[in-house]
Amino acid sequence: MDQSLFQQAIKIQNSTAIDIKKNEKDYAFTFIYPPSQVLYPLREGIFDNKEIKEANLYIHIPYCTGRCTYCYFGCYPLEKAPISREDYVNTMVKEIELVSSKYGKVRISSVHFGGGTPTTLSNAQFDSIFNAIRKNFDVADKLEITVESSPETLTEEKLECLVKNGVNRLNIGIQTLNNDLLKSINRRHSADKAIAGIRLAKKVGINNINVDLIYGLYGQTIEDWTSTLESIFNEEVQSISTYRLRIHPSGNLKQQIVSFDETKAIEMYITMLNMMKERGYYQCSSHKFAQKVEFAQKQIINKRGIGKDMLIPLGMSAYGYIEDILFWNARTMDEYVEKINSGRLPYSIGYELDKTEEMAKVCVLGIHNVGGIKLKKFRDKFDIDIMNVYGDLIKKLESNDLIEIDEESIKPSLLGMVFADEIATQFYSKNVKEKLGDRKYGIFFDEILK
């Protein structure tokens, strides 16, 4: 491990002069802006004058073979789902038709199936969704199509169906290769099954495979973490995503808070940084790594940047961005189905972003990436220099060696990558910070402020 970087990180963690401290009781990955806890019910007709010429698609499949102990996403174990997968897919096809009817044949630049576990769908159900997409949207050439999966749902037939439908990027949720830890978080696969899933995906011709891993699990040691990483490196997957455990405030992982050691989590992260570098992986963001730049997920780059950041959501509990509006589809199945069947788009809650919030969004999401915030694009979009808006904050971050500034961008330093989520929240607007109060991230839905 890089001891110098570790000591720098511990100094930042213990500093009282800068509010970048990691706090296990209030941590979440900053993947949207504004955060969930400041959202509100959207008025009817809010999208009437909006236009979409090109966008990314996010498709939410809320079914899993079980529920992991750390999960806070909108999904159901198969045996507890309120409607069948067949009925859900049929409803989603109606939603696709409604979107097309409202916005026309939008040019689609990337597709991501998330969940839940999308690969719980049957081949015929995947065919139905893909057929609807191609019928109702203008699908770009060489489109990146990502599907999330879990090892216990992967079969050769299922993977061949995905390839037939144009899927060229598979995300496999493995989390750890320690079988005891897998059981403790209620994963439904073994380490052997996880490795077999990677090899099966390669066999059918998927040449962009991403693996999700988690560190900071209860009882996980540095040795567990490095062993999992080494095993994944040996499979030569194209990209790896490494997430620190997020503890849901009303979840069942309270023992984690009692025993969680932030110093150990920092050590795990820096150890992982060193191992990624040694194995030749490029750092795409604070937690994503790829063998080559072209293996970095295009949809993540698009929706965190300035330009092709529009995101159309499909399905229950999917989120999107259209022009200046962040919004989420209905969070319950009943509301989602009722709205679609009545001929309405299923948006539910969201936030209209003014110029101040648009600038904050660009910084909150952009600072997470190794490319950082593009200065010229910021000036061109907002007609103002970023230093005139965030000058004091940027100087503070730079003086603590957390960011690097050149003529093109502001981006996190290697030390800044350790604290990327904490740095991102510094760019929250004054209004959002006031609404959140002592909450730092504001991501969890069941704490939405009224």
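Notes on the structure follow. Not measured: the values here are computed from a predicted model.

Below, the discussion takes up the overall build of the protein chain. Across its full length, the protein chain holds 17 helices and 18 strands. Computed over its C-alpha atoms, the radius of gyration of the protein chain comes to 21 Å, within 12% of the 22 Å expected for a compact globule of 450 residues. For the protein chain, the C-alpha atoms occupy an extent of roughly 55 × 50 × 40 Å along the three principal directions. For the protein chain, the proportion of its 450 residues judged to be buried stands at 60%.

Summarising the element assignment, Glu262 is placed in helix H9 (residues 262–278). Assessed through its relative accessible area of 8%, Glu262 is described here as buried. When near neighbours in sequence (up to four residues on either side) are disregarded, Glu262 contacts Gln13, Lys22, Asn23, Glu24 and Arg244.

What follows deals with the pairing of strand E15 (residues 347–352). Counting buried positions over the six residues of E15 gives five, a clear majority of the element. Pairing of strand E14 (residues 325–329) with E15, which is carried by five bridges, proceeds in the antiparallel orientation. Bridge assignment links Phe327 to a residue of E15, and that residue is Gly350.

Applying the stated criterion to the full structure yields 15 salt bridges. Two residues, Asp324 and Lys50, come together in a salt bridge whose shortest N-O distance is 2.9 Å. One end of the pair, Asp324, is in the loop between strand E13 (319–322) and E14; the other, Lys50, is in the loop between strand E1 (40–41) and strand E2 (54–61), and 274 residues separate them in sequence. Classification of Asp324 by relative accessible area gives partly exposed; the value is 23%. Arg279 serves as the salt-bridge partner of Glu230, at 2.7 Å between the closest nitrogen and oxygen. Residue Glu230 is located in helix H7 (residues 222–234), and its partner Arg279 is located in the loop between H9 and strand E10 (282–283); the two are separated by 49 residues in the primary sequence. Residue class for Arg279 comes out partly exposed when judged on its relative accessible area of 39%.

Turning our eyes to something else, we now look at the nonpolar core. Residues Phe113, Ile232 and Phe419 are the most contacted members of the largest nonpolar core, which totals 143 residues. If you tally residues by element for this core, the top one is H9, at nine residues. Apart from the residues lying within four places of it in its own chain, the contact partners of Phe419 are Ala9, Ile12, Gln13, Ile20, Lys22, Ile266 and Leu402. Residues Cys64, Cys68, Tyr70 and Ile214 belong to the second largest nonpolar core, which totals 10 residues.

A word on helix H1 (residues 3–14). In this model H1 runs 16 Å from its N-terminal to its C-terminal C-alpha over 12 residues, within 8% of the 16 Å that 1.5 Å per residue would give. Among the residues of H1, Leu5, Phe6, Ala9, Ile10, Ile12 and Gln13 are the ones counted as buried. Looking down the long axis of H1, one finds its buried residues gathered within 160° of arc, a one-sided arrangement. Facing away from the buried surface of H1 by more than 90 degrees, the exposed residues are Lys11 and Asn14. Packed against the buried residues of H1 are H9 and helix H15 (414–418).

Right, let's talk about helix H14 (residues 387–399) for a bit. Every α-helical turn comprises 3.6 residues, leaving residues that sit three or four positions apart pointing alike. Spanning 13 residues, H14 covers only 15 Å between terminal C-alpha atoms, well under the ideal 18 Å at 1.5 Å per step. The largest bend in H14 comes to about 40°, at Leu393. Looking at H14, one finds that the buried residues are Tyr390, Gly391, Leu393, Ile394 and Leu397. Against helix H12 (355–366), helix H13 (375–382), strand E17 (403–405), strand E18 (409–412) and helix H16 (420–426) lie the buried residues of H14. Asp401 lies just past H14 and shows a positive phi near 60°.

Relative to the elements of secondary structure, Asn234 occurs in helix H7. When the C-alpha atoms of Asn234 and Lys50 are compared, they prove to be 48 Å apart, with 184 residues separating the residues in sequence. For Asn234, the side chain forms a polar contact with the side chain of Arg279, separated by 3.4 Å.

Reading guide: rules and limits
- Residues numbered from 1 in each chain as written.
- Predicted model: local features only at pLDDT ≥ 70, side-chain atom pairs only at ≥ 80, totals over all residues.
- Heavy atoms only, no water.
- Helix = DSSP H or I, 4+ residues; strand = E, 2+ residues; numbered from the N terminus.
- Rg over C-alpha atoms; globule rule 2.2 N^0.38 Å.
- Buried < 20%, exposed > 50% of the residue type's maximum accessible area, 1.4 Å probe, protein only.
- Contact = heavy atoms within 4.5 Å.
- Pairing = 2+ DSSP bridges.
- Salt bridge = Lys/Arg side-chain N within 4 Å of Asp/Glu carboxyl O.
- Core = buried A, V, L, I, M, F, W, Y, C linked by side-chain atoms within 4.5 Å.
- Expected span 1.5 Å × (residues − 1).
- Arc of directions from axis to C-beta.
- Bend = angle between axes of the 7 residues up to and from the residue.
- Polar contact = N/O pair within 3.5 Å; in protein donor to acceptor, adjacent residues only side chain to side chain.

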